[in-house]
Amino acid sequence: MVAFVTFALIVLFFTILVLIGKANELSEDLSGRGMNYDNKSKWNGYFLLAFIILFFISIVYQVKLLAPIMIPKSASYHGDETDRLFYVTLFFISIVFVLTQAALFYFGYRYNQGKNKVAYFYTHNNKLEVIWTVIPSIVLAVLVVMGMRTWFKIFDVEARDPNAMVVEVTAKQFQWMVRYPGVDGKFGKRIIDKEHITPTNELGINFDDPNSHDDFMADKLVFIKNKPVLVKLGAQDVIHSFYLPHFRVKMDCVPGIPTQFYFVPKYTTEEMREYLKTQPWWNTINPETGEPRWKTFKYELACTEVCGRSHYGMQKEVVVVKDSAEYMEWVRKQTPIYVAPTAAADSTAAPKADDKDKKVMSELVGGTKNKSLK
Amino acid sequence: MSAESTTIPADVHGHVDTDHIHGHEHHHEQSWLEKYVFCQDHKTIAKQFLITGIFWGIMGGMLSVLFRMQLGWPNETFPFLESFLGKWAEGGKISNEFYLAMVTMHGTILVFFVLTGGLSGTFANLLIPYQIGARDMASGFINMLSYWFFFSASVVLFTSFFIQTGPASGGWTAYPPLNGMRDIAINKGSGLGFDMWALAMSLFIVSSLTGGLNYVATVLNLRTKGMSMMRMPLTVWAFMFTAVLGILSFPALLAGVVLLEFDRLLDTSFYLNNIVVNGHLLDYKGGSPILFQHLFWFLGHPEVYIIILPAMGIVSEVLSIHSRKPIFGYRAMVVSIMAIVIISFLVWAHHMFVTGLNPNLAAVFVLFTLLIAVPSAIKVFNWIGTIWKGSLRLNPPMLFAMGFVSMFISGGLTGLMLGNSPIDIQLHDTYFVVAHFHIVMGVAAFFGMFAGVYHWFPRFFGRFMNDTLGYIHFYITLIGGYAIFFPMHFMTGLPRRYYTFANFETFNNFNFLTQFISIAAIVVFLAQLVFVVNFFYSIFKGRKVDVLRTEDGYTYGNPWDATTLEWTAPIERIHGNWPGEIPSVHRWPYDYSANGKPYTAQNVPLAPGEVEHK
């Protein structure tokens, strides 16, 4: 019944619209104004003028309302540069935006047929056209040069710190598997073959490699302030994308093709909270937690390449600690993936995981599942 | 529509013996099927494309309304959706799988079926023969095939909504491995749904290629006497180059999709390598998922110009006619179209900056991506130059053309951010991109299309669309279009294609905004229905075109006082377009307000002492 009434109302609404339209047309025809647009142009000239003024005002309003809610300032060094580039570009395009939009709609108002009866026959002006080809070209050249300098700085392999902390992140539907090298700072090798990759060892870690013995799977990403990080990325099933919004880091995780991203965290989680405390919007109460928003602020890892039904659920927390001491404290609390063979087993042979160990490993390698996922 | 009577033998194209026509000797009645269904007449084919496009437009729009409901009110249920969508919306809540399917189909439908098939198919078909002075397309039969391939593609795609595992759901870009393995455990839409998507796309590509070859052949070979290339209206230039782009780029996608089906059906490994599913290493070895992205975007980027160039052509023409002023810088406009076409082949990898592409390669693509802004900027400045000191007839086509320019500026400028790879790291695959491409190629292209429909409706049907409804449609769409997409720029950093943001603290701040956007989207969708109602109502009841003269039983009118040849043909749409000889051309198409006359049509010889504009 409700559906029927709604449908009837919609039909009625459109019928009325059509009737109004037709009535207008008939009255124009009767008064002999049929295809004369003088009057209509005049009205629409005012509308266009009103539109552009309101549009500009609304943009100012949107900036005031929405800018404070945006993802806060960059928490990495290279992010400062990409953000700066963003604002430099924004500066140039804002000028062009305002000038062209204002001209477009103002001309619409100023030269409408009701106001301006005779058009000015003017076909081209080579000088003008050269000017508005050359100026954009120069601005664009500047932007390209600035962009490329930043880009090559971010991806300059030679300038990287060889002692950077290395984290290995492997994505699968729909979770992140984060492997840390443990106390020794060295990863155990992985072997991609059917013997090593099993449901209990999805990454194919070679446990013959002693470096693997203290590797551990983490339920969050932990970085150290000012300590360069090299994230080594991979994917198991489909393409995912490793995205740290606060750090301006994004790189696809592609099955069969290793990728990586190198960056330096700038603020610890605590420092970021302290900064946000100074921002009015972050002091408002979050109705879900009942606390000011800055208090529950956290860095997060997200997936930005559509990877299937639960794409939206690939979340992981990211923490930046202040120094290596704090980091090592966390590392020591973690449980290695490797489970030492029992005393009866041959110590030189590869550790044979029994069923119980398999279970433990499987849970660890599988990472922690996001509970909200089906 | 009875006016579509046949007075010229159906097989006559190009050169027609005039005695023959006046003699009415070979008059042969077309059956209903020949006239309306398997018709080889460019005007009817144009209508077929347009009406199929409108169908898909409503469909694509409706999908966006549905997924906007999920995004705007992620915690609500809408019981009526269950009766409408069945198992895809159990308990009135759209499932996450169907959400992705809708997003995927929305993209596919609007990019290919509406803004390529519907836009290019309609206006290239209608205007190329009319404006260059040809009786019909170079091959009417292939032109007909082009529509019927499009129709079959539509049927296949539409059917895929009704199969058990649902339509393709791995994104309109169809990236493997998500779409590369026929495993519904990975993605439901990667089952039969994706095979149907691939079949539909293949048929669509055939349609696009047959259509495109025809357009190019027609423009190059069938121009009437005096119609040199530099006397062609910008619409024709745009359609021709659109067709060239399509011919050169669509085959890459076809190859890509065929190889993808090999992977899916024959277990080859073009795009797959070392896939691990549930801890089992699959047998695929040596392929590269990135290869598909190259093939896809080799079409995918020119594709956005395939969408926007016809709109640009239409807008150039409409702005000039309704400003009563020549297009500003005709030559620069032609050259910038050519420049866009060439550069558009060198920018595709800007969609792939964060795929692990070699950073050195990115530099090349940044350069060309920002370079393509130069011809685009020239066009914008020239459009504004065109309306400057004009006498603007602010009717719906003109307003939509101005709206196009506004949208093209707003959306185009943010391209300078996205095209610059370091900035793109943060913006890639976020709502900023959604805002950018929807404004610049979605809304803008629609504005171009609407400008074209309102403007050439009298050419299609001999009647006008209703102005009042047109104004309502325009203002709601302009304001609503900005209301939907402008605030999305502030959602920079929020990932696309998320079913809900509830799992993230970082992305959860914009709930009121997503709701606002959803409401705006619903309003704009309803405003498009005003257009649809206006369209079909006006076919039968619209105001008739004023008859300026009657000759040999044919009536002639020129509703917009335009110079181009389509208005020298009778209001009745006859097979062969002109009952007598095809008019010959003596001047460029933009003699508006020249020499103290409101306009001088292209077929009017130069007055003594008059110098032709070159």
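Per chain, the residues get numbers from 1 upward, laid out in the order the sequence is written. To read the labels, note that chains go from A and ligands from 1, taken in the order they are written. Reporting of local features is limited, given that this is a predicted model, to residues whose pLDDT is at least 70; pairs of side-chain atoms are given and counted only at 80 or more, and all residues count toward the totals for whole chains, interfaces and linings. To get the side-chain values, all heavy atoms of the structure are used, and hydrogens and water are removed first.

On to the overall build of chain A. Secondary structure assignment for chain A yields 7 helices and 12 strands. What the globule rule says is 2.2 Å times the number of residues to the power 0.38, and the radius of gyration is computed from C-alpha atoms. Here the C-alpha atoms of chain A give a radius of gyration of 31 Å, more than 25% beyond the 21 Å that 2.2 N^0.38 yields for 374 residues. C-alpha atoms of chain A, sized along the principal axes, occupy 105 × 65 × 45 Å. Counting the 374 residues in chain A, one finds 49% classified as buried. The protein chains shown are the only cover counted for residues, whose accessible areas, like all others here, come from Shrake-Rupley with a 1.4 Å probe. Roughly 18600 Å² of accessible area belongs to chain A as shown, and the carbon and sulfur atoms make up 63% of that amount. Per the convention used, a helix needs a DSSP run of H or I reaching at least four residues, while a strand needs a run of E reaching at least two, with both numbered from the N terminus. In this scheme, a residue with accessible area under 20% of its type's maximum is buried, one over 50% is exposed, and one in between is partly exposed, where area comes from a 1.4 Å probe on protein chains only.

Residue and element names in this part refer to chain A. Multiply 1.5 Å by the residue count of a helix minus one, and that product is the helix's expected span. Taking 1.5 Å per residue, 29 residues should reach 42 Å; helix α4 (residues 126-154) reaches 42 Å between its end C-alpha atoms and fits that length. Among the residues of α4, E129, W132, P136, L140, L143, V144, G147, M148, T150, W151 and I154 are the ones counted as buried. With a side-chain oxygen positioned 3.1 Å from the backbone nitrogen of K127, the residue opening α4 is N125. Definition of a polar contact: a pair of N or O atoms within 3.5 Å, with one able to donate and the other able to accept a hydrogen when the atoms are protein atoms, and with sequence-neighbouring residues admitted only if both atoms are side-chain atoms.

Glancing now at the sheet that holds strand β1 (residues 165-172) of chain A. Picture the strands of a sheet paired through backbone hydrogen bonds; they go either parallel or antiparallel. Residues and elements named next belong to chain A. In this scheme, strands are said to pair when DSSP sees at least two bridges between them. The strand order β3-β2-β1-β5-β8 describes an open sheet built from 5 strands, whose pairing is mixed. In this open sheet, the two strands that pair with only one neighbour each are β3 (216-218) and β8 (259-263). Looking at each pair of strands side by side, their axes are set apart by 30° on average, direction ignored. Bridging between strand β5 (residues 229-235) and β8 involves 5 bridges; their strand directions are antiparallel. Bridge pairing in β8 places V231 opposite F261. Every axis corresponds to a line fitted to the C-alpha atoms, with the helix fit spanning only the stretch in contact, and the corresponding angles, defined between N-to-C directions, vary from 0 to 180 degrees.

Moving on, we get to the nonpolar core. Generally speaking, a soluble globular protein has its nonpolar side chains buried in company with each other. Of all hydrophobic cores here, the largest spans 309 residues; its most connected members are Y180, L221, F223 and F242 of chain A together with W383 and F404 of chain B. Here this core gets 22 residues from one element, more than from any other, and that element is helix α5 (residues 96-132) of chain B. Contacts are assigned to residue pairs that have any heavy atoms within 4.5 Å of one another. Ignoring sequence-local partners within four residues, the contact set of Y180 of chain A consists of M165, V167, F187, D215, F216, A218, K220, L221, V222, F223, Y327 and W330 of chain A. We define a nonpolar core as any set of buried Ala, Val, Leu, Ile, Met, Phe, Trp, Tyr and Cys residues linked to one another through side-chain atoms lying within 4.5 Å. Within the second largest apolar cluster, 7 residues are counted, among which are M177, L203, I205 and I337 of chain A.

Residues and elements named next belong to chain B. With respect to the secondary-structure elements, Y305 resides in helix α9 (residues 289-323). Take Y305: its relative accessible area is 11%, and that puts it in the buried class. Between the C-alpha atom of Y305 and that of T116, which follows or precedes it by 189 residues, the distance is 9.9 Å. Dropping the residues within four chain positions of it, Y305 is found in contact with L245, P310, I340, S344 and I372.

Our next topic: a nonpolar patch on the surface. A cluster of nonpolar side chains, M1, F4, V5, L9, L12, I16 and I20 of chain A, forms an exposed patch at the surface whose accessible area comes to about 740 Å². With respect to the element layout, F4 of chain A can be found in helix α1 (residues 2-30). In this analysis, a patch consists of residues with relative accessible area above 30% that form no salt bridge, clustered at 9 Å for like charges and at 5 Å for the nonpolar side chains Val, Leu, Ile, Met, Phe, Trp and Tyr. We count a salt bridge whenever a side-chain nitrogen from Lys or Arg sits within 4 Å of a carboxyl oxygen from Asp or Glu.

It is worth spelling out the packing of aromatic side chains at this point. A pair of Phe, Tyr and Trp rings is counted when the ring centres sit within 6.5 Å of each other, with Trp represented by its six-membered ring. The angle between the planes then sorts it: under 30 degrees is stacked, over 60 is edge-to-face, the rest tilted. All chains considered together, the criterion is met by 112 aromatic pairs over all chains. For the pair W176 of chain A and F242 of chain A, a centre-to-centre distance of 6.0 Å together with 85° between the ring planes defines the contact as edge-to-face. Note that W176 of chain A is positioned in strand β2 (residues 175-180) and F242 of chain A in strand β6 (residues 240-244), a separation of 66 residues in sequence. As far as burial versus exposure is concerned, W176 of chain A and F242 of chain A are alike and both buried. Cation placement over rings: the criterion is NZ of Lys or CZ of Arg within 6 Å of the ring centroid and within 35° of the ring normal. K250 of chain A extends its terminal NZ or CZ atom over the ring of Y243 of chain A, reaching a point 4.2 Å from the ring centre. Just above the ring of Y120 of chain A sits the side chain of K389 of chain B; from NZ or CZ to the centre is 5.3 Å.

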